[in-house]
Amino acid sequence: MTLKAGIVGIGFIGVDHLKRLANSISGVEVVAVCDNVPGKAQKALDDLDLKLKDYDHFQKLIDDPEVEVVVITASNEAHADIAVAALEADKYVFCEKPLALNADDCQRVMEAEQKTGKKMLQVGFMRRYDAGYKRLKEVVDNGEIGEPLMLHCRHYNQSQVADYKTARAIYETLIHEIDVLHWLLDDDYEQVKVYFPRQSSLVKSDDGRLKDPQVIVMETTKGINIVVEVFVNCQYGYDINCDITGETGLAQLPNPASVSIRKDAKNSTDILVDWKERFEEAYDVEFQDFFDRLNNNEDPTGPTSWDGYLAAITADACVKSQVSGKTELVKGAKKPEFYNA
Ligand SMILES: NC(=O)C1=CN([C@@H]2O[C@H](COP(=O)(O)OP(=O)(O)OC[C@H]3O[C@@H](n4cnc5c(N)ncnc54)[C@H](O)[C@@H]3O)[C@@H](O)[C@H]2O)C=CC1
Ligand SMILES: O=C1[C@H](O)[C@H](O)[C@@H](O)[C@H](O)[C@H]1O
């Protein structure tokens, strides 16, 4: 079988996923795109020599009877409305992270999905499909380093867009660690605290108010302490680290393979510069799994709307701590039975 998909939001990752779904993923055919900036989607289609329907509003794409699956790669603030509209039209949804920018909007999506009576939505937390994170989860699940006690992570970007804001470092960037570590440790977050160390003088932002770097300390229900450094203008590359200290050992996320060159009295390896390359395989695996299951009439088994909600309530607590400077509790609703199945 082949499912027909429409993609809403043809920006950085929208173009990347358009190429992916059009050329690499089996069981899906992209039939429509949409971007609310006039001409933007058509330019991408022209660049990729694709002849697809191009809608100027997401509702028109959703209303297209040919579209069976809606892929949301629009800006963060648009996700919830597009997801709710797609679910109300009984269309499957793949929504890039974050599901929404706050818990209330995640609740709206969950309510719309539950009304359909079946799991219709997967959130694009692709690190769960990354080979390195999957191996880390195996190490923890198999007790290879004893019980995990504390984690030290880094989420470094070489640079960010000029309109990037301090809160986005939580909702858009740290959100990856929030989701993947909740999954990896099979644990929930109790409380968080955000620290602002000495700020880089090299940070460029349009309002001059971006605080960078940040250090976020998260404590889990099992008592595990997680320290995540988020530095979105680190200058040297895109560097993702995850060290897990257990009772009997230390497990570390592997760096992407890179040939080391010994030359001129130096030994050097490459560091990637952005997320597209670093998680290319994980994006492919998450999408293939998603479409394989739908084509086999199975529920998607990736991150659910509930996972999106859990990430949002944790992010909300982090943003609150950015302002209060205090430790903030992670508070949320009871998990609907619908998401236990
Ligand atoms: N999973 C991952 O590793 C990554 C996920 N993302 C997520 O993907 C989303 C897009 O990120 P980028 O591509 O970097 O942003 P972007 O700003 O380059 O692209 C977003 C596009 O959506 C369009 N758009 C915004 N509102 C719309 C609406 N209501 N209807 C139709 N089009 C609309 C914009 O015109 C823009 O072209 C974000 O939610 C981001 O968090 C982004 C990068 C990596
Ligand atoms: O989702 C992403 C990317 O995966 C990067 O890790 C982040 O740094 C970026 O801000 C975000 O959009």
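Residues numbered from 1 in each chain as written. Chains lettered and ligands numbered in written order. Predicted model: local features only at pLDDT ≥ 70, side-chain atom pairs only at ≥ 80, totals over all residues. Heavy atoms only, no water.

## A look at a negative patch on the surface
Then, in step 1: Among the surface-exposed residues, Asp 186, Asp 188, Glu 190 and Glu 219 lie close enough to one another that they form a single negatively charged patch.
Then, in step 2: Tracing the chain through its elements places Asp 186 in the loop between helix H7 (168-185) and strand E8 (189-195). (Patch = residues over 30% accessible without salt bridge, like charges linked within 9 Å, V, L, I, M, F, W, Y side chains within 5 Å. Areas by Shrake-Rupley, 256 points an atom, 1.4 Å probe, with all protein chains shown as cover. Salt bridge = Lys/Arg side-chain N within 4 Å of Asp/Glu carboxyl O. Lys, Arg positive; Asp, Glu negative; His and termini not counted. Charge placed at Lys NZ, Arg CZ, Asp CG, Glu CD. Helix = DSSP H or I, 4+ residues; strand = E, 2+ residues; numbered from the N terminus.)

## Brief notes about the site of ligand 2
Then, in step 1: The environment of ligand 2 is made up of Lys 97, Arg 127, His 155, Asn 157, Gln 160, Glu 172, Thr 173, His 176, Tyr 238 and Trp 275.
Then, in step 2: One nitrogen or oxygen atom from the side chain of Gln 160 is found 2.9 Å from an oxygen atom belonging to ligand 2.
Then, in step 3: At 3.3 Å from an oxygen atom of ligand 2 is found a side-chain nitrogen or oxygen belonging to Glu 172.
Then, in step 4: Starting from 300 Å² of accessible surface for ligand 2 in isolation, the protein chains cover 89%.
Then, in step 5: Here the shell around ligand 2 gets three residues from one element, more than from any other, and that element is H7.
Then, in step 6: Tallied by class, residues from the shell around ligand 2 come to two nonpolar, five polar and three charged. (Near = heavy atom within 4 Å. Polar contact = N/O pair within 3.5 Å; in protein donor to acceptor, adjacent residues only side chain to side chain. Nonpolar A, V, L, I, M, F, W, Y, C, P; charged D, E, K, R; others polar.)

## Brief notes about the packing of H7 against helix H10 (residues 305-324)
Then, in step 1: Orientation of H7 relative to H10, taken along the N-to-C sense of each, is 125°, at an axis distance of 9 Å. Relative to H10, H7 is oriented oblique. Judged by the sense of rotation from one axis to the other, the crossing of H7 with H10 is right-handed. Here Ile 170, Tyr 171, Leu 174, Ile 175, Ile 178, Asp 179 and His 182 of H7 come into contact with H10, specifically with Asp 307, Leu 310, Ala 311, Thr 314, Ala 315, Asp 316, Cys 318, Val 319 and Gln 322.
Then, in step 2: Among the residues making up the contact of H7 with H10, the classes are represented as 10 nonpolar, three polar and three charged. (Axes fitted to C-alpha atoms, helices over the stretch in contact; angles between N-to-C directions. Parallel < 35°, antiparallel > 145°, perpendicular 65-115°, else oblique. Left-handed = near helix turned anticlockwise from the far one by under 90°. Contact = heavy atoms within 4.5 Å.)

## With respect to the sheet that holds strand E5 (residues 92-95)
Each strand in a sheet pairs with another by means of backbone hydrogen bonds, the pair being arranged parallel or else antiparallel.
Then, in step 1: Taken in spatial order, the six strands of this open sheet run E3-E2-E1-E4-E5-E6, and their pairing is parallel. A single partner strand is all that each edge strand has here, and the edge strands are strand E3 (53-55) and strand E6 (121-123). Each adjacent strand pair in this sheet contributes to an overall mean axis angle of 25°, direction not counted.
Then, in step 2: In this structure, strand E1 (residues 3-8) lies alongside strand E4 (residues 69-72), joined through four bridges in parallel fashion. Among the inter-strand pairings, Gly 6 is bridged to a residue of E4, identified as Val 70.
Then, in step 3: Along the sheet face, helix H4 (residues 79-88) touches E1, E4, E5 and E6 and points at about 175° away from the line of E4. (Pairing = 2+ DSSP bridges.)

## Considerations on the site of ligand 1
Then, in step 1: Among the 25 residues in the neighbourhood of ligand 1, the closest are listed as Asp 35, Lys 40, Asn 76, Glu 96 and Tyr 283.
Then, in step 2: Residue Lys 40 places a side-chain N or O atom 2.8 Å away from an oxygen atom belonging to ligand 1.
Then, in step 3: Between an oxygen atom of ligand 1 and a main-chain N or O atom of Ala 74, the distance comes to 3.4 Å.
Then, in step 4: Protein burial of ligand 1: of its 840 Å² of free accessible surface, 85% is covered by the chains.
Then, in step 5: Going through the elements one at a time, helix H1 (12-23) and H7 are the ones with two or more residues in the shell around ligand 1.
Then, in step 6: Residue composition of the shell around ligand 1, grouped by class: 11 nonpolar, nine polar and five charged.

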